[in-house]
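# Survey of secondary and tertiary structure
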Amino acid sequence: MWEQPNPGDIVWCHFPYWPRDVPGPKPRPALVVSVTEREDGIEVKVAYGTSQKIDHLVADEFAIRRAENKTAYDMAGLSFDTKFDLRNLVDLPWNDNFFVVPPSPRHGQTPKLGSLHICMKKSLEAAARATKRSQG
């Protein structure tokens, strides 16, 4: 199996829709929010990533855009401008049912696409604060 991911990693994930225990139909970027070691393996909390409607962000979302910050975009390992939705989080087992090696692996045979650049910290924190406010 693969090396354990770290919070801030961006991974290639079959993000589930509903029900949450069934892998989604196509892999997409997901942001690792937390990692928990369990008796039965590693559990990863990930945030949904999409390249759709990238110009329409709500308070709970943040985007990594090539034109705005090429360094952050390159470090993330993305192929398209991508936004991450911190309202749409799911806990998944770190296994090959939900995570796959991307078509052009930059980090070896692992689902890791890249990592969140430190310059994205303020955007991530603002989205996290908005999520907490909306959840009451």
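Conventions adopted
Along each chain, the written sequence defines residue order, and numbers are assigned to residues from 1. In keeping with the model being predicted, local features are shown solely for residues with a pLDDT of at least 70 and side-chain atom pairs are shown and tallied solely at 80 or more, while totals for entire chains, interfaces and linings include all residues. The basis for the side-chain values is all heavy atoms of the structure; hydrogens and waters are excluded. Secondary structure elements are defined from DSSP: runs of H or I of at least 4 residues count as helices, runs of E of at least 2 residues count as strands, and each element is numbered from the N terminus. When we talk radius of gyration, it's over C-alpha atoms, and the globule rule is simply 2.2 Å times the number of residues to the 0.38. Here the term buried applies to any residue with accessible area under 20% of the maximum for its type, exposed to any over 50%, and partly exposed to those in between, with areas from a 1.4 Å probe on protein chains only. Whether two residues are in contact is decided by their heavy atoms: any pair within 4.5 Å suffices. Strands are labelled as partners when DSSP assigns at least two bridges between them. Only the contacting stretch of a helix is used when fitting its axis, a line to C-alpha atoms as for every element, and angles between N-to-C directions run 0 to 180 degrees.

## A short note on the overall build of the protein chain
Broken down by element type, the protein chain carries 2 helices and 6 strands. Its helices and strands taken in sequence order, the protein chain reads β-β-β-β-α-β-β-α from the N to the C terminus. Relative to its length of 136 residues, the protein chain is compact, with a C-alpha radius of gyration of 14 Å against a globular reference of 14 Å. Projecting the C-alpha coordinates of the protein chain onto the three principal axes gives extents of approximately 35 × 35 × 25 Å. When burial is assessed residue by residue, the protein chain has 43% of its 136 residues classed as buried. Partitioning the contacts of the protein chain with sequence separation of at least 6, the portion at a separation of at least 24 is 65%.

## Quick notes on the pairing of strand S4 (residues 61-64)
Burial along S4 is two-sided: Glu61 and Ala63 facing one way and Phe62 and Ile64 facing the other are all buried. As judged from the 4 bridges shared by S4 and strand S5 (residues 82-93), these two strands associate in the antiparallel manner. Among the inter-strand pairings, Glu61 is bridged to a residue of S5, identified as Asp85.

## Brief notes about the sheet that holds strand S3 (residues 41-50)
Within a sheet, adjacent strands bond to each other through the backbone by hydrogen bonds, running parallel or antiparallel. One open sheet accounts for 6 strands, arranged S4-S5-S3-S2-S1-S6; its pairing is antiparallel. Because the sheet does not close on itself, it has two edges, and the strands there are S4 and strand S6 (112-115). Adjacent strand axes in the sheet meet at a mean angle of 45° when their direction is disregarded. Sheet analysis places strand S2 (residues 28-38) next to S3, joined by 8 bridges and oriented antiparallel. Note on S3: the bridge partner recorded for Arg38 is Gly41. The strands that helix H2 (residues 121-135) touches are S2, S4 and S5; relative to S5, the one it contacts most, it runs at about 70°.

## Focus on the side chain of Asp85
For Asp85, the position within the fold is in strand S5. Judged by relative accessible area, Asp85 falls into the buried class, the value being 12%. If sequence neighbours within four positions are ignored, Asp85 has contacts with Ala47, Tyr48, Asp60 and Glu61.

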